[in-house]
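Chain and residue survey
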Amino acid sequence: MTDLRFVSTNPGKSREVAAVLRPFGVRVRWTRRELPEPQADTLEEVVASKLDAVRDLRGYVLVEDSGLFIPSLAGFPGVYSAHFLKVWGFGPIFELLRGRSRRAFFRTVAGLQRGRRRAIFVGEVKGSIARRAVGKNGFGYDPIFVPTGWKQTFAEVDAEAKNAISHRARAVRKVGNALSAGRAFGGSVGGPGRPRGPGR
Ligand code: ITT
């Protein structure tokens, strides 16, 4: 078993991350902490500052930042997804999308850190914005996102179905693969079950 601490304010994210990492033999502990999210152009920049803010935590620490990107709105709400949803809800998105392409994608950038080492893992899922909000499961924009090839929103299916294809699950499975291969930081890190070689 490998222990990993997931730092976020969002319990929905934490449940998804724990379920995705369990099969890799990774036990996830959730630390609820609000991390600085500076005004930034990319999720990667936000993740870098989140990682800076968890330097005090030992062992494997995971943070992530996610967003919903709508190409016909120049990528909006993107890095502003959390703030926009809190202030405005879904209404303005439906308004803005009248007569525009409803194509969208979710993107997650996950940042893993241990001591001074860090690595970034990215996951995306393509889909479109529904005509109205449907479904009670999940969180955030789940009621308005229909993955490509699906007829239902993420909020209409159970956690397992969302985790099969979601942006977060795709990023976090890369974390699980890297940890179980003992190569989370691009080289041997003496990871789970792997003895460290001499001189490392
Ligand atoms: P952190 O504490 O981890 O930052 P947060 O909820 O603020 O939690 P983000 O800034 O990464 O997380 O989230 C951006 C917004 O996108 C926020 O409104 C989320 O609810 C939403 N979001 C993120 N992942 C989502 C998902 O899988 N499905 C639907 N909405 C999601």
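Before going into details, it helps to say that this report is about the structure given with it. (Residues numbered from 1 in each chain as written. Predicted model: local features only at pLDDT ≥ 70, side-chain atom pairs only at ≥ 80, totals over all residues. Heavy atoms only, no water.)

Along the chain, the position of Ile165 falls in helix α5 (residues 159-165). With a relative accessible area of 18%, Ile165 lands in the buried category. Here the alpha-carbon distance between Ile165 and Lys126, two residues 39 residues apart in the chain, equals 9.6 Å. When near neighbours in sequence (up to four residues on either side) are disregarded, Ile165 contacts Val125, Pro147, Trp150, Phe154, Arg170 and Arg173. (Helix = DSSP H or I, 4+ residues; strand = E, 2+ residues; numbered from the N terminus. Buried < 20%, exposed > 50% of the residue type's maximum accessible area, 1.4 Å probe, protein only. Contact = heavy atoms within 4.5 Å.)

For the rest of this paragraph, the subject is the environment of Gly12. Inspection of the secondary structure assignment puts Gly12 in helix α1 (residues 11-21). Accessibility expressed as a relative area gives 9% for Gly12, which makes it buried. In this structure, the C-alpha to C-alpha distance between Gly12 and Ala184, residues 172 residues apart in sequence, is 24 Å.

Attention now moves to the sheet that holds strand β6 (residues 145-147). Taken together, the 6 strands give an open sheet; going across it, the order is β2-β1-β3-β4-β5-β6, and neighbouring strands pair in mixed fashion. Two strands in the sheet have a free side with no partner beyond their single neighbour: β2 (26-32) and β6. Pairs of neighbouring strands in the sheet enclose a mean axial angle of 35 degrees, with direction left out of account. The pairing of strand β5 (residues 117-129) with β6 spans 3 bridges and is antiparallel. Pairing of Ile129 across the sheet is with Phe145, part of β6. This element, helix α6 (residues 167-180), spans β1 (2-8), β2, β3 (60-69), β4 (103-114) and β5 of the sheet and lies at about 150 degrees to β5. (Pairing = 2+ DSSP bridges. Axes fitted to C-alpha atoms, helices over the stretch in contact; angles between N-to-C directions.)

To continue, consider the site of the ligand. Surveying the vicinity of the ligand reveals 20 residues, the closest of which are Ser8, Thr9, Lys13, Asp142 and Lys162. At 2.7 Å, a side-chain N or O of Ser8 approaches an oxygen atom of the ligand. Side-chain polar atom of Thr9 to an oxygen atom of the ligand: 2.7 Å apart, as the coordinates give it. Compared with its free state, where it exposes 610 Å², the ligand has 91% of that area covered by protein. Put simply, the parts of the chain that give the shell around the ligand at least two residues each are β3, α3 (81-88) and α6. Of the residues assigned to the shell around the ligand, the class counts are 5 nonpolar, 7 polar and 8 charged. (Near = heavy atom within 4 Å. Polar contact = N/O pair within 3.5 Å; in protein donor to acceptor, adjacent residues only side chain to side chain. Areas by Shrake-Rupley, 256 points an atom, 1.4 Å probe, with all protein chains shown as cover. Nonpolar A, V, L, I, M, F, W, Y, C, P; charged D, E, K, R; others polar.)

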